[in-house]
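So you can see what is in the structure, the chains are spelled out below.
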Amino acid sequence: MRIGTWNINSARTRVDRVIECCARWNLDVLAMQEIKCKPDQFPIDAFTDAGYRVEVHGLNQWNGVAIASRLPILSVSRDFPGAPTWGDPARVEARALRVRIDDGTPEGLDVWSLYVPNGREIDHPHYQYKLQWLAALRAAVSPYVAGDSSGVSKGDAPGEDTLAEGGAVPPATASDEGGSPSALLVGDWNVAPRDEDVWDIDFFDGRTHVTQPERSAFEAFEADGWVEATRPRVTNYTYWDYQQLRFPRNEGMRIDFMYATPALDARITQAWIDRDERKGKGASDHVPVIVEIAH
């Protein structure tokens, strides 16, 4: 089973490249970020023709996440409890989407597509929003690694969204069979956890993505028991800005990651970063990150 994550930077602009990537890598599931459209604007037909069901969470031309799966989708939820709001009027942005897929295990596998807020500048309110968002996500998904599904509702009915108060959906940590599913938190985290994750750490002095509060917020997931699945298996940047010839100069950043529950990480046999996808006309500024999971 192969699962990928990719900030595609506009679903409508890059649909052909995305479908080609799914075919080239033989992906079973692809989590997408920055789709930049509402559900009725998403190019569903292209995915359907390729054999995928797609769940979409988008509110406008900004942000947005989606997940395409050719494996059966058992349940879906959008956002997470406690997600902070942003904007005027303030609202929960379309930055988190969970699907439970039938991966052949009794409990299923929860895949989260996540688009962490950028933070903009250190003295900007968006930076504090970013830290709050990461803290709220960490709390919402903690039952997966706490080994405790008490107080968490049974899994959603297949194919349904059961909205909680305020529009957030519980993470549905317990499955219909009573066990706890494995989980994979994937996406654009907008954090470079280590100095080697950027081409020049001095360039980032006083900038976001590398500050200690951001890195601590990212590392807190590992402290809770999550395992970052890609770093031990593959090395490369995952993002190169469109400006100043960053890609030809290989002036990139590693900011797209996959956190797995420990049992799931033990089943991951390989990982790839598809650097070639950054080449050519019409490329996203991010590239796909992919893992292979043994059944």
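Scroll up for the structure.
Residues numbered from 1 in each chain as written. Predicted model: local features only at pLDDT ≥ 70, side-chain atom pairs only at ≥ 80, totals over all residues. Heavy atoms only, no water.

**What about the side chain of Asp-103?**
Tracing the backbone shows Asp-103 in the loop between β6 (96–101) and β7 (109–115). Within polar-contact distance, the side chain of Asp-103 engages the side chain of Thr-105 at 2.6 Å. Excluding residues that lie within four positions of it along the chain, Asp-103 makes contacts with Met-1, Gly-108, Leu-109, Arg-267 and His-295. (Helix = DSSP H or I, 4+ residues; strand = E, 2+ residues; numbered from the N terminus. Polar contact = N/O pair within 3.5 Å; in protein donor to acceptor, adjacent residues only side chain to side chain. Contact = heavy atoms within 4.5 Å.)

**Focus: the sheet that holds strand β8 (residues 182–188)**
Within a sheet, neighbouring strands are paired by backbone hydrogen bonds and run either parallel or antiparallel to one another. Taken in spatial order, the six strands of this open sheet run β5-β6-β7-β8-β10-β9, and their pairing is mixed. Each edge of the open sheet is held by one strand with a lone partner, namely β5 (73–78) and β9 (227–228). Of the strands in this sheet, β6, β7 and β8 are in contact with helix α3 (residues 125–146), which crosses β7 at around 180 degrees. (Pairing = 2+ DSSP bridges. Axes fitted to C-alpha atoms, helices over the stretch in contact; angles between N-to-C directions.)

**Remarks on the packing of aromatic side chains**
Under the definition given, this model contains 16 aromatic pairs. Centre to centre, the rings of Tyr-237 and Trp-240 are 6.3 Å apart; their planes meet at 75 degrees, and the pair counts as edge-to-face. Relative accessible area serves as the criterion here: at 0%, Trp-240 is assigned to the buried category. Note that Arg-207 overlies the ring of Phe-203, its terminal NZ or CZ placed 4.1 Å from the centroid. Above the ring of Phe-203, the side-chain terminus of Arg-246 is found at 5.1 Å from the ring centroid. (Phe/Tyr/Trp six-rings, centres within 6.5 Å; stacked < 30°, edge-to-face > 60°. Buried < 20%, exposed > 50% of the residue type's maximum accessible area, 1.4 Å probe, protein only. Lys NZ or Arg CZ within 6 Å of the ring centre and 35° of its normal.)

**Quick word on the pattern of salt bridges**
Evaluated as defined, the whole model comprises 20 salt bridges. A salt bridge links Arg-70 to Asp-28; the shortest N-O distance between them is 2.9 Å. Taken together, the residues Arg-70 in the loop between β4 (65–69) and β5 and Asp-28 in the loop between α1 (11–25) and β2 (29–33) connect sequence positions 42 residues apart. We classify Asp-28 as buried; its relative accessible area is 12%. As a salt-bridge pair, Arg-246 and Glu-251 come within 2.4 Å of each other at their nearest N and O atoms. The same class applies to Arg-246 and to Glu-251, which are both buried. Here the residues in one salt-bridge network are Arg-17, Arg-24, Asp-274 and Glu-277, joined through shared partners. (Salt bridge = Lys/Arg side-chain N within 4 Å of Asp/Glu carboxyl O.)

**Examining the nonpolar core**
Across soluble globular proteins, nonpolar side chains show a tendency to be buried alongside one another. Core analysis: the biggest nonpolar cluster contains 31 residues, and Ile-3, Ile-101 and Val-111 have the highest contact counts within it. Once you skip the residues sitting within four places of it in the chain, Ile-3 turns out to touch Leu-27, Val-29, Leu-109, Val-111, Leu-184, Met-258, Val-289, Ile-290, Val-291 and Ile-293. Counting 27 residues, the second largest nonpolar core, distinct from the first, contains Ala-96, Leu-131, Trp-133 and Ala-140. (Core = buried A, V, L, I, M, F, W, Y, C linked by side-chain atoms within 4.5 Å.)

**Brief notes about the layout of surface pockets**
One number sums up the size of the largest pocket: a volume of about 1000 Å³. Contributing to the lining of the largest pocket are 41 residues, with Tyr-115, Asn-118, Arg-120, Asn-190 and His-209 lying nearest its centre. Partitioning the lining of the largest pocket into residue classes produces 13 nonpolar, 14 polar and 14 charged. The space that makes up the second largest pocket amounts to roughly 180 Å³. (1 Å grid on protein atoms, 1.4 Å probe; cavity = no way out; pocket = protein on both sides within 12 Å on 5 of 7 lines; lining within 4 Å. Points joined across faces, edges and corners; volume = space filled by probe spheres on them. Nonpolar A, V, L, I, M, F, W, Y, C, P; charged D, E, K, R; others polar.)

Spatial relationships are all this shows, so hold off on functional conclusions.
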